[in-house]
Amino acid sequence: QVQLVESGGGLVQAGGSLRLSCAASGTIFSINPMGWYRQAPGKQREFVAIITSGGTTNYADSVKGRFTISRDNAKNTVYLQINNLKPEDTAVYYCNMKQVLAWSKDYWGQGTQVTVSS
């Protein structure tokens with residue numbers, strides 16, 4: 001059974017930082033692309049960042065220079081370091097995995113709330 005468990009969200013002042021974590025189980029973690037998405041109230045879920053099994057990263061234009069995605073295959077965990085938080089970063093952040101051995105089927109974490117106050 002695949003499970004993604006997220007942590008690290010919270011209430012933060014503008015300009016502050018957070019590190020989100022997502023621990024995966026029930027999968028061969030090291031071969032799967034991992035990503036982060038977010039959804040603000042009243043808006044569609046949007047892509048934030050992705051990291052491939054080889055460590056290649058890609059980011060949404062809106063977060064480049066502030067967000068960093070990384071992975072630790074020994075811990076089956078993907079991270080999202082968020083710096084210089086802005087109020088517009090307020091959203092529920094979701095961990096995503098594409099299961100390589102299951103036709104790239106998408107799996108999602110439960111989401112973690114990030115709220116940025118001014």
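Residues numbered from 1 in each chain as written. Predicted model: local features only at pLDDT ≥ 70, side-chain atom pairs only at ≥ 80, totals over all residues. Heavy atoms only, no water.

Each helix and strand in the protein was counted, giving zero helices and eleven strands. When its helices and strands are written in sequence order, the protein yields β-β-β-β-β-β-β-β-β-β-β. Here the protein has a C-alpha radius of gyration of 14 Å; the compact-globule value for 118 residues is 13 Å, and the two agree. Viewed in the frame of its principal axes, the protein has a C-alpha envelope of about 45 × 25 × 25 Å. A burial count over the protein gives 40% of its 118 residues as buried. Excluding contacts between residues fewer than 6 apart, the proportion of contacts in the protein whose partners are at least 24 apart in sequence is 55%. Looking at the protein as shown, the accessible area adds up to about 6200 Å², and 49% of this sits on carbon and sulfur atoms. Taking the 11 positively charged and 7 negatively charged side chains of the protein as two groups, their mean positions are separated by 2 Å. (Helix = DSSP H or I, 4+ residues; strand = E, 2+ residues; numbered from the N terminus. Rg over C-alpha atoms; globule rule 2.2 N^0.38 Å. Buried < 20%, exposed > 50% of the residue type's maximum accessible area, 1.4 Å probe, protein only. Contact = heavy atoms within 4.5 Å. Areas by Shrake-Rupley, 256 points an atom, 1.4 Å probe, with all protein chains shown as cover. Lys, Arg positive; Asp, Glu negative; His and termini not counted. Charge placed at Lys NZ, Arg CZ, Asp CG, Glu CD.)

Our next topic: the state of the cysteines. Following the criterion strictly, the structure yields one disulfide and no others. In this model, Cys22 is linked to Cys95 through a disulfide, with the two sulfur atoms separated by 2.1 Å. Between Cys22 and Cys95, the S-S torsion sits near -80 degrees, and that sign places the bridge as left-handed. One end of the pair, Cys22, is in strand 3 (residues 18–25); the other, Cys95, is in strand 9 (residues 91–99), with 73 residues separating them in the sequence. Judged by its relative accessible area of 0%, Cys95 is buried. (Disulfide = S-S within 2.5 Å.)

On to the packing of aromatic side chains, then. This structure, assessed with the given rule, holds two aromatic pairs. Aromatic side chains Tyr37 and Phe47 sit 5.7 Å apart centroid to centroid with 75 degrees between the ring planes, which places their arrangement in the edge-to-face category. With Tyr37 in strand 4 (residues 34–39) and Phe47 in strand 5 (residues 46–51), this residue pair connects regions lying ten residues apart in the sequence. On the basis of relative accessibility, which here comes to 18%, the residue Tyr37 falls in the buried class. (Phe/Tyr/Trp six-rings, centres within 6.5 Å; stacked < 30°, edge-to-face > 60°.)

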